[in-house]
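A look at the structure
What follows is the residue order along each chain.
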Amino acid sequence: MLTTHNKVSNKNNFFGNTTPIDLIKEYGSPLYVYNENIMRERCRELKNLLTYPNFSVNFSVKANSNLSLLKIALEEGLNADAMSPGEIFVELKAGFSSEQILYISNNVSKEEMQYAIDRDILVSVDSLSQLESYGQINNGGKICIRFNPGVGAGHHEKVITGGKKTKFGVDPSLIPEIKDILSKYNLNLVGINQHIGSLFMEGDKYIEGVESLLTIAENFDDLEFVDMGGGFGIPYKKLEDEKRLDLESLGKKLDKVLFDWTARYGKQITFKIEPGRYIVAECGNLLGSVYSLKENYGMKYVGTDLGFNVLKRPVMYNSHHDIEIFRESNIPSNKTETVNIVGNICESGDIIAKDRTLPEIFEGDIINVLDAGAYGYCMASNYNNRLRPAEVLVTSEGNVKLIRRRDTYEDLIRNF
Ligand SMILES: *Cc1c(COP(=O)(O)O)cnc(C)c1O
């Protein structure tokens with residue numbers, strides 16, 4: 001097997017007792033593969049972020065809601081955030097209790113709020129009109145409000161969710177109006193939250209956001225928790241040795257901010273974070289197959305089954321994913337070349353890796369897309385009537401377990 005271009009998964013023993021070649025033979029191509037050890041390690045790193053005692057990590061399952069992975073998060077002592085009734089449904093199925101779930105809603109119907117209320121799940125609303133709607137159906141109930149502290153952070157305009165130019169959260173200048181609605185419906189504001197954006201690699205913006213949120217918190221006397229948001233970044237350029245987010249330094253600074261603030265507030269309330277990507281991005285790889293090679297007007301194209309129906313991030317956000325290559329036989333070649341790796345979808349934007357300089361690739365090679373565990377499968381679709389891939393887990397013992405079967409053709413007409 002070619003061993004020159006798989007140093008990241010090699011170092012992590014990502015594939016345990018199996019190989020990408022065998023996995024593709026058994027489960028088909030493309031294929032999502034997850035590594036249990038890596039996921040557990042990421043859960044533990046965040047659980048240990050703070051020394052502050054009342055601290056909880058809510059896994060934002062929109063990043064990956066495979067039931068088996070949710071069960072791992074639960075075993076590791078994480079709670080869960082939901083963005084929709086569907087997410088509440090799978091979280092309850094995975095075994096999370098109502099108290100462990102926070103429903104962070106955005107522009108939802110009263111029926112959706114009722115779905116959470118019926119299951120004793122706390123709802124966070126993010127506008128005055130949604131607060132009003134909630135009061136109308138759950139007079140006297142508990143509620144959480146999402147604020148927009150006016151700062152944002154993130155890797156791409158589309159994922160910056162705080163700051164003055166986004167649709168999320170309530171503007172803190174509306175606190176008097178909030179208080180009016182709370183008292184009109186006798187609502188008990190038990191928590192406030194924010195999420196300023198996704199994929200920060202330096203902690204300072206996050207801390208700045210937390211400090212603004214704490215200033216907002218001082219307006220309310222009966223808070224049980226403050227939820228500081230997710231967005232913890234991971235290094236997507238591992239082949240260039242990109243540095244990890246410095247959790248130790250972030251944790252220390254946050255601890256100080258939180259201990260100081262609670263001393264002033266007079267109550268050791270709970271602090272929550274809501275990471276998605278950090279928990280699952282690196283424990284997931286996406287395998288695909290090379291079926292064709294061609295040169296078009298001076299550019300070399302590597303044709304694969306990795307269309308944006310399978311992994312949307314490169315097309316949607318211009319995201320970078322490192323690429324590894326696996327090969328069954330050792331075809332001698334020490335050439336490198338610059339290529340575009342493309343999928344099989346009928347759109348010219350269907351490029352998973354652009355202008356990459358890689359060892360020469362041959363037909364039959366397996367492409368391993370790194371760090372595909374977050375916003376990978378959950379954004380996959382049946383576009384072009386392609387089947388969504390299977391998902392397998394490499395367990396802590398190194399064995400393989402099927403955790404979601406591949407779509408079948410019958411699935412394509414299931415709802416007719
Ligand atoms: C998406 C989202 C998260 C998780 O973001 P990550 O960047 O994956 O950590 C957390 N909270 C809210 C409200 C979100 O919408």
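Please read these numbers as outputs of a predicted model, since none were measured by experiment.

What follows deals with the pairing of strand S4 (residues 101–104). Residue alternation in S4 divides its side chains into two sets, Ile-101 and Tyr-103 and Leu-102 and Ile-104, and both sets are buried. Pairing between strand S3 (residues 79–82) and S4: three bridges, direction parallel. Considered in S4, the bridge of Ala-80 is made with Ile-101. Each parallel crossover has a hand, and for S3 linked through helix H5 (residues 85–94) to S4 it is right-handed. Pairing between S4 and strand S5 (residues 122–125): three bridges, direction parallel. Bridging across to S5, Tyr-103 finds its partner in Val-123. Handedness of the crossover joining S4 and S5 through helix H6 (residues 110–118) is recorded here as right-handed.

With that settled, consider the domain arrangement of the chain. Examined at the domain level, the chain breaks down into domain 1 (7–34 + 283–413) and domain 2 (49–278). Distance from the C-alpha centre of domain 1 to the C-alpha centre of domain 2: 33 Å. Each side of the interface is counted separately: domain 1 has 21 residues, and domain 2 has 20 residues. Between domain 1 and domain 2 the total buried area reaches about 1900 Å² when both faces are included, carbon and sulfur atoms providing 57% of it. Looking at the side of domain 1 facing domain 2, the largest losses of area belong to Tyr-317, Asp-371 and Tyr-375, adding up to 30% of the total buried there. At the surface where domain 1 touches domain 2, the tally comes to one salt bridge.

Here is what the cut-offs are and how they apply
- Residues numbered from 1 in each chain as written.
- Predicted model: local features only at pLDDT ≥ 70, side-chain atom pairs only at ≥ 80, totals over all residues.
- Heavy atoms only, no water.
- Buried < 20%, exposed > 50% of the residue type's maximum accessible area, 1.4 Å probe, protein only.
- Helix = DSSP H or I, 4+ residues; strand = E, 2+ residues; numbered from the N terminus.
- Pairing = 2+ DSSP bridges.
- Right-handed = clockwise from strand over helix to strand, strands pointing away.
- Domains from an automatic or database assignment.
- Contact = heavy atoms within 4.5 Å.
- Buried area = accessible area lost by both parts, 1.4 Å probe.
- Salt bridge = Lys/Arg side-chain N within 4 Å of Asp/Glu carboxyl O.

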